[in-house]
Amino acid sequence: MMRAVWNGTVLAESERTVVVEGNHYFPPESLNRECFTESRARSLCFWKGLARYYTVTAGGRTNPDAAWYYPHPSPLARKIKNHVAFWNGVVVEEAAPQESR
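Report on the accompanying structure. (Residues numbered from 1 in each chain as written. Predicted model: local features only at pLDDT ≥ 70, side-chain atom pairs only at ≥ 80, totals over all residues. Heavy atoms only, no water.)

For the rest of this paragraph, the subject is the sheet that holds strand β1 (residues 2-6). In space, the three strands of this open sheet follow the order β2-β1-β9, with antiparallel pairing throughout. Because the sheet does not close on itself, it has two edges, and the strands there are β2 (9-14) and β9 (91-94). Within the sheet, the average angular offset between the axes of one strand and its neighbour, ignoring direction, is 25°. The pairing of β1 with β9 spans four bridges and is antiparallel. Across the sheet, the residue bridging to Val5 is Val91, located in β9. (Pairing = 2+ DSSP bridges. Helix = DSSP H or I, 4+ residues; strand = E, 2+ residues; numbered from the N terminus. Axes fitted to C-alpha atoms, helices over the stretch in contact; angles between N-to-C directions.)

Across the ten residues of strand β6 (residues 49-58), seven count as buried, placing the element largely inside the fold. Taken together, the seven bridges between strand β5 (residues 36-45) and β6 define a ladder with antiparallel strand orientation. Its bridge partner lying in β6, Arg42 is registered against Arg52. Strand direction decides the pairing type here: β6 and strand β7 (residues 61-69), joined by six bridges, are antiparallel. Paired with Val56 across the strands is Asn63, a residue of β7. With antiparallel pairing between neighbouring strands as the criterion, β6 and β7 make up a hairpin whose turn holds two residues, including Gly59 at a positive phi of roughly 60°. (Buried < 20%, exposed > 50% of the residue type's maximum accessible area, 1.4 Å probe, protein only.)

A few words now on the side chain of Lys48. Considering the arrangement of structural elements, one finds Lys48 in the loop between β5 and β6. Given a relative accessible area of 5%, Lys48 falls into the buried group. A polar contact of 2.6 Å, which involves the side chain of Lys48, links it to the side chain of Glu21. Beyond its immediate sequence surroundings of up to four residues, Lys48 is in contact with Val20, Glu21, Tyr25, Tyr70, Pro73, Ser74, Ala77 and Ile80. (Polar contact = N/O pair within 3.5 Å; in protein donor to acceptor, adjacent residues only side chain to side chain. Contact = heavy atoms within 4.5 Å.)

What follows is about the sheet that holds β5. Taken together, the four strands give an open sheet; going across it, the order is β5-β6-β7-β8, and neighbouring strands pair in antiparallel fashion. Each edge of the open sheet is held by one strand with a lone partner, namely β5 and β8 (84-86). In this sheet, neighbouring strand axes are inclined to one another by 35° on average, regardless of whether the strands run parallel or antiparallel. Two strands pair when backbone bridges link them, and β7 and β8 are joined in this way by three bridges, in the antiparallel orientation. Counted as the bridge partner of Ala67 is Phe86 from β8.

A word on the pattern of salt bridges. Counted by the stated rule, this structure contains four salt bridges. We note a salt bridge from Arg52 to Glu38, for which the minimum N-O separation is 3.7 Å. On the criterion of sequence distance, the pair formed by Arg52 in strand β6 and Glu38 in strand β5 is long-range, its members being 14 residues apart. A relative accessible area of 45% means that Glu38 is categorised as partly exposed. (Salt bridge = Lys/Arg side-chain N within 4 Å of Asp/Glu carboxyl O.)

Here it is in structure tokens:
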């Protein structure tokens, strides 16, 4: 079970993430949606395509552009379509079964 945590809040938790380039991509249904807002930020990966970002809010704090996803990835990256990865202080860790929410 993998989970993404920031500011004491579990942002995502899943038994099945997709690991690409060392990042765990969480399936969309695993997200704690109340913590995510669409961002205007975009970035381009030469092999995955155009990434879009979410701003994360938890415990009264905001972490701009702390999560990203590929809504229309290239065919090579199709396994991560709409899956979300994290950075900028969000900790992705393996959760023991008793720690799951």
